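Understanding the architecture of this molecule
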Amino acid sequence: MRQRIFTATRSGNLATVRNLQKMMLLSWSNTLVSVRQATQRNAGRKTAGVDGEVALTSQARMQLAVQVHRDAAYWRPRPVKRVYIPKAGNRAKLRPLGIPVIADRCHQGRVRNALEPEWEARFEPKSYGFRPGRSCHDAIQAIYTVCRGPRAKRVWALDADLAAAFDRIDHSRLLEAIGSFPARDMIRDWLKVGIIEAGKGFAPTDEGTPQGGVISPLLLNIALHGLEHAAGVRYVESGSAAESTRTDSPVVIRYADDLVALCHTQRQAEQVKARLADWLAPKGLAFNEDKTRIVHVGESGFDFLGFNVRRYHGKLLIKPSNAAVRRIRERLRTEIRALRGSNARAVIATLTPIIKGWAAYYRGVVSKRTFNALDDYLWALTYKWATYSHPTKSKWWVSARYFGKFNKFRNNRWVFGDAASGTHLPRFSWTDIVRHTLVKGRASPDDPVLAEYWEQRRRRIRPPVDGYTRRLLVEQHGRCPLCRNELLSPDQPPQSPGEWERWWLLVIRQAIAADYLVHDGRPNPADGERTRLVHRSCRSEHHARQRRSIASQTDSLSRLA
């Protein structure tokens with residue numbers, strides 16, 4: 001259905017688009033997919049809204065799906081619960097987050113599945129934030145493609161940030177852009193539903209879309225659609241999915257409300273900033289002047305999405321930013337300090353997803369030296385933890401107890417590990433540097449013409465997992481044998497080191513598990529033929545069906561007896 005909506009939009013048949021969207025909104029399958037995403041796959045599935053309700057059991061999820069599908073035509077959104085979380089760059093400052101009730105999250109998933117493919121056919125080529133099949137790494141790779149080489153002409157950058165973009169979107173302009181979408185009234189109600197904050201009560205929302213809603217990132221992208229054209233970007237007409245800009249045109253690379261305009265001269269960068277300021281004002285948006293600046297890529301460079309972009313003697317190098325390195329060092333130091341009094345296994349379980357997540361996010365750039373420096377820092381932290389845990393023991397005893405060749409594939413006797421369980425702490429430098437492959441210009445997973453392209457792209461991407469798990473993924477073609485869905489393809493690729501950390505922790509350690517499936521007529525097949533990777537939720541349902549079947553057979557036998 002998404003592909004049909006996408007194709008109809010590309011062909012300009014608006015009547016067909018609206019009819020297909022109505023079918024999508026009434027689809028029982030769409031309801032089930034949306035409920036599953038909100039209650040099983042989403043990291044915030046255990047967080048309740050103002051009604052205090054969650055759906056963590058199969059029975060609760062089924063009841064929620066029936067309720068959502070029944071109320072689809074006349075559902076009235078509930079107020080959003082406002083909470084505050086620390087900002088990534090400055091933990092002293094707080095970022096407002098809106099948490100809808102669980103039913104609203106499911107309805108927003110339904111509406112997003114109907115609205116998103118229409119706009120995927122319209123969005124600009126270098127918009128990478130919160131879109132299917134696109135991530136931060138595509139935005140960084142796009143910058144590398146434009147600025148690499150000693151003869152690169154676009155050497156001035158407008159590094160811009162929009163001030164509170166989610167909170168200031170003009171509702172009338174956004175609804176005007178959405179047009180005659182069938183669920184337009186429901187989107188309007190979500191925008192104006194209001195918030196409830198502890199200690200302050202209810203407050204109406206006259207502008208903005210709550211950051212934290214399922215549909216909010218899509219609405220932001222719709223509001224900012226046309227930004228490239230407003231900045232003066234002009235593309236060379238091409239029939240392929242890959243598109244190139246004209247030689248005299250600036251290049252604007254946008255990730256949600258962060259953008260970089262790569263220009264030929266400082267004057268052109270100033271002109272782009274002025275044009276964009278005029279274009280943003282009617283939408284209720286403006287630049288954050290404290291974070292917006294015009295720089296020369298070869299002199300000071302700039303930070304973007306946690307990466308530092310700078311030319312050194314004519315060669316472009318993209319590395320983890322100094323601020324990102326300071327944050328990960330502080331995070332490791334804080335976690336180690338909190339683990340004083342715990343055992344080595346707890347240290348390994350806590351730090352492993354942090355290390356793997358951060359390394360997975362930065363493995364596509366020049367990070368080897370940074371990884372080695374972080375390994376030295378982590379060794380010092382773990383050694384200090386070990387000596388603190390055993391103040392009466394000698395350093396030789398501590399070294400023999402906690403350090404050794406725990407990883408048999410690494411010739412390093414200073415790996416931190418737990419001798420009792422054999423588990424060990426990974427190192428940042430064990431993550432290979434793998435250059436990210438940039439997604440083609442307007443390519444979208446909703447385009448049926450590019451189905452083979454996306455299949456090949458999924459096969460080329462190496463997830464940050466061990467070799468055994470990777471072999472099973474290849475054997476299963478990346479699909480769960482129970483539900484036939486992708487194992488490692490979340491709706492949105494991880495967008496930050498923290499999301500990579502949660503992805504590794506939830507997807508690899510919880511959402512996916514090695515399970516032994518029952519094969520009819522083959523009671524004892526070889527281990528290599530029995531082990532499969534399945535979603536944890538699928539495995540739970542599979543075992544529940546087996547228990548019900550056994551209980552039913554036992555009951556039948558007891559009645560016969």
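The following paragraphs examine the structure supplied in this document. (Residues numbered from 1 in each chain as written. Predicted model: local features only at pLDDT ≥ 70, side-chain atom pairs only at ≥ 80, totals over all residues. Heavy atoms only, no water.)

Things to note about the overall build of the protein chain
Helix and strand counts for the protein chain stand at 21 helices and 15 strands. Put simply, the protein chain has 561 residues, and 48% of those count as buried. Accessible surface, the protein chain: about 27800 Å² in total, of which carbon and sulfur atoms supply 51%. (Helix = DSSP H or I, 4+ residues; strand = E, 2+ residues; numbered from the N terminus. Buried < 20%, exposed > 50% of the residue type's maximum accessible area, 1.4 Å probe, protein only. Areas by Shrake-Rupley, 256 points an atom, 1.4 Å probe, with all protein chains shown as cover.)

Focus on the packing of helix α13 (residues 322–338) against helix α14 (residues 344–361)
Running from N to C, α13 and α14 cross one another at 170°; their axes reach a closest spacing of 11 Å. Of the possible angle classes, the one that applies to α13 and α14 is roughly antiparallel. Across from A324, V325, I328, R331, L332, E335 and I336 in α13, the residues of α14 making contact are V347, T350, L351, I354 and W358. Tallied by class, the residues present in the contact of α13 with α14 amount to nine nonpolar, one polar and two charged. (Axes fitted to C-alpha atoms, helices over the stretch in contact; angles between N-to-C directions. Parallel < 35°, antiparallel > 145°, perpendicular 65-115°, else oblique. Contact = heavy atoms within 4.5 Å. Nonpolar A, V, L, I, M, F, W, Y, C, P; charged D, E, K, R; others polar.)

What to know about the pattern of salt bridges
On inspection of all chains with the given rule, the structure shows 14 salt bridges. The closest approach of N and O atoms between D446 and R2, which form a salt bridge, is 2.8 Å. A residue pair is termed long-range when its members are at least 10 positions apart, and D446 in the loop between β13 (415–416) and α17 (451–460) and R2 in helix α1 (residues 2–10) qualify at 444 residues. Residue D446 is classed as buried on the basis of its relative accessible area of 6%. (Salt bridge = Lys/Arg side-chain N within 4 Å of Asp/Glu carboxyl O.)

Some points on a nonpolar patch on the surface
Taken together, W28, L32, M62 and V66 make up a surface patch of nonpolar side chains, about 320 Å² in accessible area. Breaking the nonpolar patch down by element, the ones donating at least two residues are α3 (28–41) and α4 (58–70). Within the fold, V66 resides in helix α4. The partly exposed category is assigned to V66, whose relative accessible area is 40%. (Patch = residues over 30% accessible without salt bridge, like charges linked within 9 Å, V, L, I, M, F, W, Y side chains within 5 Å.)

A few points about the pairing of strand β1 (residues 80–86)
Both β1 and strand β4 (residues 195–197) contribute to a ladder of three bridges, which runs parallel. When the bridges of β4 are listed, R82 appears paired with E197. Looking at chain direction, β1 and strand β2 (residues 94–99) are connected through six bridges and run antiparallel. Across the sheet, the residue bridging to P86 is L94, located in β2. (Pairing = 2+ DSSP bridges.)

Brief notes about the sheet that holds β2
Strand order in the open sheet made by the four strands is β2-β1-β4-β5, with mixed pairing throughout. The strands lining the two open edges of the sheet, one partner per strand, are β2 and β5 (201–203). Taking each pair of neighbouring strands and ignoring which way they run, the sheet shows an average axis angle of 40°.

Quick look at unusual backbone geometry
Phi at F130 takes a positive value of approximately 55°, unusual for a residue other than glycine. Considering the arrangement of structural elements, one finds F130 in the loop between α5 (102–120) and α6 (136–147). One non-glycine residue, A164, adopts positive backbone phi at about 45°. When you line up the elements, A164 lands in the loop between β3 (156–161) and α7 (165–168).

Things to note about the sheet that holds strand β7 (residues 258–263)
What the four strands build is an open sheet, ordered β6-β7-β3-β8; its pairing is antiparallel. Since the sheet does not close on itself, it has two edges, and those belong to β6 (251–255) and β8 (293–296), each with one partner. Neighbour-to-neighbour, the strand axes of the sheet open up by a mean angle of 20°, direction not taken into account. Pairing of β3 with β7 involves six bridges; the strand directions are antiparallel. Each residue of the ladder has a partner; that of A160, found in β7, is L259.

Looking at α13
The first and last C-alpha atoms of α13 sit 24 Å apart over 17 residues, in line with the 24 Å expected at 1.5 Å per residue. Buried residues along α13 sit against β11 (315–320), α14 and α15 (368–389). (Expected span 1.5 Å × (residues − 1).)

Some details on the packing of α5 against helix α9 (residues 184–192)
Where α5 contacts α9, the two axes come as close as 11 Å, and the packing angle between them is 135°. Relative to α9, α5 is oriented oblique. Read as a crossing pair, α5 and α9 show a hand that is left-handed. Note on element contacts: α9 touches α5 through M186, I187 and W190, opposite D104, H107, Q108, V111 and L115. Of the residues in the contact of α5 with α9, the class split is five nonpolar, two polar and one charged. (Left-handed = near helix turned anticlockwise from the far one by under 90°.)

Any link to function would need more than the numbers given here.
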